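# Examining the three-dimensional arrangement
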Amino acid sequence: MSARTRALPEELIAHYRADPARRQALYRRTLSIVIVSQIFGGAGLAAGVTVGALLARDMLGSTGLAGLPAALLTLGSAAAAFLVGRLSQRRGRRAGLTSGFLAGGIGALGVVLAAVLNNVPLLFMALLIYGAGTATNLQARYAGTDLATPKRRATAVSMAMVSTTLGAVAGPNLVTPMGHLAEGLGIPALAAPFLLGAAAYLAAGIVLLIWLRPDPFLLAAALAEHDPAPAADPTHPDSTPAARNRGVVVGTTVMVLTQVAMVAIMTMTPVHMSAHGHDLSAVGAVIGVHIGAMYLPSLFTGILVDRLGRQFMSLTAGVTLLLAGITAALAPADSVPLIMLALALLGLGWNFGLISGTAQIIDATPLATRAKTQGSVDVLIALAGAGGGALSGMVMAGSGFTVLSLAGGILSLLLIPVVLWSRRPPAVAAEETLG
């Protein structure tokens, strides 16, 4: 038994190994715990998305720099994804996810303090730490798959993600009442949602710390050591090392392109709406619908990914994101319903891309390296989001929201050649890549 799985008693491993029904019951219980933590995590996630750009614009006095919060948050998310992934690989999901959520809560409190003190360096540092919550909220989707069967992995991802909707939709719509409460306490209104974010992330971490036992990743690894998977069968292309490596490449590319397109448009939508006279309630409603579209369809998306295939749903993601970009570009600035429709399509396209890409990553990675690889992939996703967030403000200031939206939609079309390449036989794809 490896050092990692020695943390679990031998009798516990034997208990679940001998009884598949108990293992299935633990899988369902694990999903329930992840779902509860994701409800809190969704509320924490929504705070920075809704008012981060507006807070930075007010503190920095520049629209061109309003994309910096998204960039800093996602850079912090990248670092946290790396650390959470490695900690999860060594100590299990419970240790990794709990640490990430607690760090996110501390970062949210730091943002509030920075706003009260009007301290820009502290704001930047706090946003980096706050990004740990975002990374952890995303990585929690993997915890539901550790004990899932291969044919239900995408469905397991979706069940973990769909619960985020409750907190994520409620969070933006609490912007106005939280602002009134904050003003009564002498806190700037735009910093108020971060108070909610702090409480939500800390609650998510506590839920996992107390109830995520036994650790699903450690147990799955221990069971795999006792019942190792058969070696790759060369007569089945999807089981070969080349196909598995290609699965990681394709899954990562799908999620990275999806993230860039989504973050670029989403980050500047509150700034665009605010510049045309919309109040925080309207902004909160639009972002609430957007985040709901990111997570609420997850349960159905997972079923579609498992039944229709990972590649088909990746193509669907690209088409949906293109429609989102076109709708956002053509929507009149005074039309909240059309802007809301564009952001809903944006969230839906992101959902399709994330779940189909995640399923490909899980399919392509053995348990011996799975959590570490997942963390590394999420680093790339976070860095892509950081680039999209930083550039979005510059494009917005230089060319306007219409150009930004069209650019994001067109970028998503790159998913099509990636998916077509993934359908080539492994040997042919490798020859084309080398050639």
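Preceding this paragraph is the structure being described.
This structure is a prediction, so every number in the text was calculated from the model and none was measured. (Residues numbered from 1 in each chain as written. Predicted model: local features only at pLDDT ≥ 70, side-chain atom pairs only at ≥ 80, totals over all residues. Heavy atoms only, no water.)

A tally of regular secondary structure across the chain gives 19 helices and zero strands. Here the chain holds 435 residues, and the buried ones make up 56% of them. In the chain, of all internal contacts separated by at least 6 residues, the share reaching a separation of at least 24 is 85%. Summing over all exposed atoms, the chain offers an accessible surface of approximately 16,700 Å²; the carbon and sulfur share of this is 69%. (Helix = DSSP H or I, 4+ residues; strand = E, 2+ residues; numbered from the N terminus. Buried < 20%, exposed > 50% of the residue type's maximum accessible area, 1.4 Å probe, protein only. Contact = heavy atoms within 4.5 Å. Areas by Shrake-Rupley, 256 points an atom, 1.4 Å probe, with all protein chains shown as cover.)

Let's shift gears to the packing of aromatic side chains. Overall, the coordinates contain four aromatic pairs when judged by the stated rule. Here the aromatic rings of phenylalanine 101 and tyrosine 201 are separated by 5.8 Å at their centres, their planes lie at 35 degrees, and the arrangement is tilted. A residue pair is termed long-range when its members are at least 10 positions apart, and phenylalanine 101 in helix H4 (residues 93–117) and tyrosine 201 in helix H9 (residues 192–211) qualify at 100 residues. Classification of tyrosine 201 by relative accessible area gives buried; the value is 0%. The interplanar angle of 50 degrees and the centroid separation of 5.6 Å between the aromatic rings of tyrosine 130 and tyrosine 201 together place this pair among those described as tilted. Of this pair, tyrosine 130 sits in helix H5 (residues 120–143) while tyrosine 201 sits in helix H9, and the two are 71 residues apart along the sequence. For the pair shown, tyrosine 130 and tyrosine 201 are each scored as buried. (Phe/Tyr/Trp six-rings, centres within 6.5 Å; stacked < 30°, edge-to-face > 60°.)

Ranked by internal contacts, the top residues of the largest apolar core, which has 84 residues, are Leu55, Leu346 and Trp350. For leucine 55, the residues in contact, after removing those within four places along its chain, are Val111, Ala115, Leu123, Leu190 and Phe194. Counting 17 residues, the second-largest nonpolar core is a separate cluster that includes Leu8, Tyr16, Ala148 and Ala371. (Core = buried A, V, L, I, M, F, W, Y, C linked by side-chain atoms within 4.5 Å.)

This brings us to helix H15 (residues 336–364). When the terminal C-alpha atoms of H15 are compared, their 42 Å separation across 29 residues agrees well with the 42 Å that a helix rising 1.5 Å per residue should span. Where H15 begins, the capping side chain belongs to serine 335, and its oxygen is found 3.3 Å from the backbone nitrogen of leucine 338. (Expected span 1.5 Å × (residues − 1). Polar contact = N/O pair within 3.5 Å; in protein donor to acceptor, adjacent residues only side chain to side chain.)

A few words on the pattern of salt bridges. Opposite charge on two side chains permits pairing when their charged atoms draw close. Throughout the structure, instances matching the rule amount to six salt bridges. Of the charged contacts in the structure, one is a salt bridge between arginine 141 and aspartate 378, with a shortest N-O distance of 3.2 Å. Of this pair, arginine 141 sits in helix H5 while aspartate 378 sits in helix H16 (residues 370–399), and the two are 237 residues apart along the sequence. Both residues of the pair, arginine 141 and aspartate 378, belong to the buried class. Residue arginine 310 is joined to aspartate 306 by a salt bridge in which the shortest nitrogen-to-oxygen separation is 3.0 Å. In the salt-bridge network here, residues are joined through shared partners; they are Arg153, Asp306, Arg310 and Asp363. (Salt bridge = Lys/Arg side-chain N within 4 Å of Asp/Glu carboxyl O.)

For leucine 109, the position within the fold is in helix H4. Along the sequence, leucine 109 and leucine 127 sit 18 residues apart, while their C-alpha atoms lie 9.8 Å from each other.

The subject of this paragraph is the packing of helix H14 (residues 310–330) against H15. Their axes nearest at 8 Å, the elements H14 and H15 cross at an angle of 160 degrees. Regarding the angle of H14 to H15, the classification is roughly antiparallel. Considering only the axes of H14 and H15, their crossing is left-handed. Looking at side-chain class alone, the contact of H14 with H15 contains 15 nonpolar, nine polar and two charged residues. (Axes fitted to C-alpha atoms, helices over the stretch in contact; angles between N-to-C directions. Parallel < 35°, antiparallel > 145°, perpendicular 65-115°, else oblique. Left-handed = near helix turned anticlockwise from the far one by under 90°. Nonpolar A, V, L, I, M, F, W, Y, C, P; charged D, E, K, R; others polar.)

Let's shift gears to unusual backbone geometry. For the peptide bond that leads from arginine 213 to proline 214, omega is -10 degrees, which places it in the cis range. With respect to the helices and strands, proline 214 occurs in the loop between H9 and helix H10 (216–226).

This paragraph deals with the side chain of arginine 310. With respect to the helices and strands, the residue arginine 310 is situated in helix H14. At 3.0 Å, the side chain of arginine 310 and the side chain of aspartate 306 are in polar contact. Apart from residues no more than four positions distant in its own chain, arginine 310 is found in contact with Pro150, Arg153, Ala154, Val305, Ser356, Ala359, Gln360 and Asp363.

Another aspect to go through is the environment of leucine 123. Tracing the chain through its elements places leucine 123 in helix H5. The exposure class of leucine 123 is buried, given its relative accessible area of 1%. Considering only alpha carbons, one finds leucine 123 and leucine 55, 68 residues apart in sequence, at a separation of 9.7 Å. Apart from the residues within four sequence positions on either side, leucine 123 is in contact with Leu55, Met59, Val111 and Ala114.

When you line up the elements, valine 120 lands in helix H5. You can call valine 120 buried: its relative accessible area is 19%. The spatial distance from the C-alpha of valine 120 to the C-alpha of methionine 59 is 7.0 Å, given a sequence separation of 61 residues. Beyond its immediate stretch of four places on either side in the chain, valine 120 contacts Met59 and Leu60.

Helical geometry note: an α-helix holds 3.6 residues per turn, so side chains three or four residues apart project in the same direction. A rise of 1.5 Å per residue sets the reference length of H4, with its 25 residues, at 36 Å; its end C-alpha atoms lie 36 Å apart and thus fit the reference within 8%. Positive backbone phi, approximately 55 degrees, marks asparagine 118, located one or two places after H4.

Let's shift gears to a nonpolar patch on the surface. Together, Leu75, Ile106, Met125, Leu128, Ile129, Leu380 and Leu383 line one region of the surface with nonpolar side chains, adding up to about 610 Å² of accessible area. Secondary structure elements with two or more residues in the nonpolar patch: H5 and H16. Per element, the largest residue contribution to the nonpolar patch is three residues, and it comes from H5. Position of leucine 128 among the secondary structure elements: in helix H5. (Patch = residues over 30% accessible without salt bridge, like charges linked within 9 Å, V, L, I, M, F, W, Y side chains within 5 Å.)

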